[in-house]
Amino acid sequence: MSTMIYRFALFAIISAFTCLLAQPRTLRVDYYHTGTAHKEYFSIDRIVLEPLPWPGNLEKTLDNTNLGDYFFEVIDKKTSKPLYSRGFCSIFGEWATTGDALSETRTFSESLRFPLPSETVQIVLKKRNEQNIFSNIWSFEVDPTDIFIDRAITTAVSPLITFQNNGNSAHKVDLLILGDGYTLAEREKFQKDANRLLEKVFDVEPLKSNKDHFNVWGLCPASEESGIARPSGRQQRRSALGFSFDAFGTSRYVLSYDNRAIVETASHAPWEFLIVLANNSEYGGGGIFGLYAVSTVDHPSSPSVLVHEFAHHFTGIADEYYLGGVAYLPSSPIVEPWEPNITIDPQNPKWKALIAPETPLPTPWKKEEFESAGRNRLSRQQLRSLIEPDTNIIGAFEGANYARKGWYRSEVECIMFDSTGNSQVGFCAACKKAIEDHIKNYI
């Protein structure tokens, strides 16, 4: 029986990769991003030819979504025609919003991935300015015939697991699940954790209705010790991918600064988006648009946390909560944010087409009662009693993006407003539309 299962899995993997044979290889630029909240610098680390073909849709190489804090273009040198582009957020960008970044300088490793070009290209990196318009901040050339491109043959750190194969990667969203903090003996636990949590992810709309549009793969590099680091608890670990609690000084925030380990591991699977499962039972996670989503696996709230963080990573959806400590400094509403689920203009929110004509804008809710009670001092039942009468109304409700005033969300409740484990909380109307729209960009 086990032999038959192995052969079936092998056949599924070979079939998926066969569909990619017509695709160009994947080129990756690893670079260093250095600076403070007020200035930043870039330098190339290395350029790598990854072992697998490009998994994406070559008919949809240009990004017109206007999502992300950063944006990069791959431009043909001869014709000045853009060949590939993507918006994204970066780990440096997260750092730059913290209080420490006002006075300290740090360096982070980051990467750009794109289909291998046939001729020399110009890579142009852009960042949003104070008016939220992208402007150039770095540019360099890449010659695909350069002898210094790293073409070394590497070996996968673990067998590739097929969790869900729905067809040709070029016409699907390819999602890769990485495990961190799992020993070699715990790989079976990783597979069980991934299956359990994926079931929860695809049980939430609109992901549930779009499950067939996703391929899901898995890799689990072996760590020497079980679990991930928690510096505030004096728990040190050198896990395979370097994920740790206490990112940027926030105890529940889980990130890794070891970008090289992550991208090298991931290069042995077809992927466009990454989920990382951290082998830990405490509450924690993190999500950065275009980088990865991470959650611990054995806390009762882990399924909801993973859905919440995946929304950040996959669609660039913003947090809608505003009570409780965060790593970032609250931003002042100056210009309309790019995130699809928040606004500073309650009269004309991005989701206005979804609002009934009779709904007042901004839309009243029991905001004062909610704030005076304090979400951390209420039971789930008490919290819901404050907002239940306002559910299922689409409008513009004040309080979002870590701020009490000046920021608005589309519904009172959403998993981006509350990821503490209430299974009845799904995505609000603005988030649902954003996710559905983004899936269409890849299939």
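For the structure given in this document, a descriptive report is provided here. Everything numeric in this text was worked out from a predicted model, so none of it was measured. (Residues numbered from 1 in each chain as written. Predicted model: local features only at pLDDT ≥ 70, side-chain atom pairs only at ≥ 80, totals over all residues. Heavy atoms only, no water.)

Let us now look at the overall build of the protein chain. Looking only at helices and strands, the protein chain features eight helices and 17 strands. Burial analysis of the protein chain (443 residues in total) assigns 56% to the buried set. For the protein chain, restricting intrachain contacts to residue pairs at least 6 apart in sequence, the fraction spanning at least 24 positions comes to 67%. (Helix = DSSP H or I, 4+ residues; strand = E, 2+ residues; numbered from the N terminus. Buried < 20%, exposed > 50% of the residue type's maximum accessible area, 1.4 Å probe, protein only. Contact = heavy atoms within 4.5 Å.)

The next thing to look at is the packing of aromatic side chains. Per the stated rule, a full pass over the model turns up 32 aromatic pairs. The interplanar angle of 50° and the centroid separation of 5.9 Å between the aromatic rings of phenylalanine 72 and tyrosine 84 together place this pair among those described as tilted. In this pair, phenylalanine 72 is assigned in strand S3 (residues 70-76) and tyrosine 84 in strand S4 (residues 82-88), connecting sequence segments twelve residues apart. You can call phenylalanine 72 buried: its relative accessible area is 4%. (Phe/Tyr/Trp six-rings, centres within 6.5 Å; stacked < 30°, edge-to-face > 60°.)

Moving on, we get to the packing of helix H3 (residues 187-201) against helix H5 (residues 302-315). Direction vectors running N to C along H3 and H5 enclose 60°, while the axes themselves pass 9 Å from each other. Here the hand of the crossing between H3 and H5 comes out right-handed. On H5, the residues touching Leu197, Lys200 and Val201 of H3 are Ser302, Pro303, Leu306 and Val307. Among the residues forming the contact of H3 with H5, the class breakdown is five nonpolar, one polar and one charged. (Axes fitted to C-alpha atoms, helices over the stretch in contact; angles between N-to-C directions. Left-handed = near helix turned anticlockwise from the far one by under 90°. Nonpolar A, V, L, I, M, F, W, Y, C, P; charged D, E, K, R; others polar.)

On the secondary structure map, asparagine 280 appears in the loop between strand S13 (273-278) and strand S14 (285-288). Contacts of asparagine 280, omitting those with residues within four sequence positions, involve Ile228, Phe245, Thr296, Val297, Asp298 and His299.

Taken in spatial order, the three strands of this open sheet run S2-S1-S5, and their pairing is antiparallel. If you trace the sheet from one side to the other, it starts and ends with strand S2 (40-53) and strand S5 (106-115), each paired once. Sheet twist, expressed as the mean angle between neighbouring strand axes with direction ignored, is 20°. Examined bridge by bridge, strand S1 (residues 25-35) and S5 share ten bridges and lie antiparallel to one another. Across the sheet, valine 29 pairs through a bridge with leucine 112, a residue of S5. (Pairing = 2+ DSSP bridges.)

What follows concerns the nonpolar core. Formed by 56 residues in total, the largest nonpolar core has its most connected members in Phe72, Ile123, Leu176, Leu178, Phe243 and Tyr292. The element that contributes the greatest number of residues to this core is helix H2 (residues 91-96), accounting for four residues. If we skip the residues at most four places from it in the chain, tyrosine 292 touches Ile91, Phe243, Leu255, Ser256, Ile262, Leu274, Val276, Gly286, Gly287 and His313. Ranked by size, the runner-up nonpolar core spans 54 residues in total, among them Val201, Cys220, Tyr402 and Phe417. (Core = buried A, V, L, I, M, F, W, Y, C linked by side-chain atoms within 4.5 Å.)

In this section: the side chain of lysine 172. Along the chain, lysine 172 falls in the loop between strand S8 (161-164) and strand S9 (173-180). Here lysine 172 occupies a buried position and makes no salt bridge, while the nearest side chain of opposite charge, aspartate 212, is found at 7.1 Å. (Lys, Arg positive; Asp, Glu negative; His and termini not counted. Salt bridge = Lys/Arg side-chain N within 4 Å of Asp/Glu carboxyl O.)

Bringing the pattern of salt bridges into the picture now. A side chain with one charge may pair with a side chain of the opposite charge, provided their charged atoms come close. Tallying each qualifying case throughout the model produces 24 salt bridges. Here lysine 126 ties to glutamate 73 by a salt bridge, and the two come within 3.3 Å at their closest N and O atoms. Of this pair, lysine 126 sits in strand S6 (residues 121-128) while glutamate 73 sits in strand S3; the two residues are 53 residues apart in sequence, bridging distant segments of the chain. With respect to class, lysine 126 is no different from glutamate 73; both count as buried. Lysine 350 is paired through a salt bridge with glutamate 336; the nearest N and O atoms lie 2.6 Å apart. Of this pair, lysine 350 sits in the loop between H5 and helix H6 (367-373) while glutamate 336 sits in the loop between H5 and H6, and the two are 14 residues apart along the sequence. For lysine 350, a relative accessible area of 38% translates into the label partly exposed.

A few words on the environment of serine 281. Its place among the elements puts serine 281 in the loop between S13 and S14. Note on serine 281: relative accessible area 48%, which makes it partly exposed. Along the sequence, serine 281 and glycine 227 sit 54 residues apart, while their C-alpha atoms lie 8.9 Å from each other. When sequence neighbours within four positions are dropped, the list of residues in contact with serine 281 reads Asp298 and His299.

Position of serine 109 relative to the elements: it lies in strand S5. Looking at serine 109, the relative accessible area reads 16%, which means it is buried. Residues serine 109 and histidine 33, spaced 76 residues apart in sequence, show a C-alpha to C-alpha distance of 6.3 Å. Residue contacts for serine 109: discarding those within four places in its chain leaves Tyr31, Tyr32, Ile91, Asn259 and Arg260.

Time to look at the sheet that holds strand S10 (residues 214-219). Pairing is mixed across the open sheet formed by six strands, whose spatial order is S8-S10-S9-S13-S15-S14. Looking at which strands have only one partner, the edges of the open sheet turn out to be S8 and S14. Between one strand axis and the next, the sheet turns by 20° as a mean value, whatever way the strands run. Judged from the six bridges that link them, S9 and S13 form a sheet pairing that is parallel. Looking across to S13, one finds that glycine 179 is bridged to leucine 277. Across the sheet, H3 touches S8, S9, S10 and S13, and the angle it forms with S8 is around 15°.

Within the secondary structure layout, leucine 116 lies in the loop between S5 and S6. By relative accessible area, which is 27% here, leucine 116 ends up partly exposed. On a C-alpha basis, the gap between leucine 116 and threonine 26 in space is 5.4 Å, while along the polypeptide they are 90 residues apart. In this structure leucine 116 touches Pro24, Arg25, Leu27, Leu49 and Pro144, once residues within four positions along its chain are discounted.

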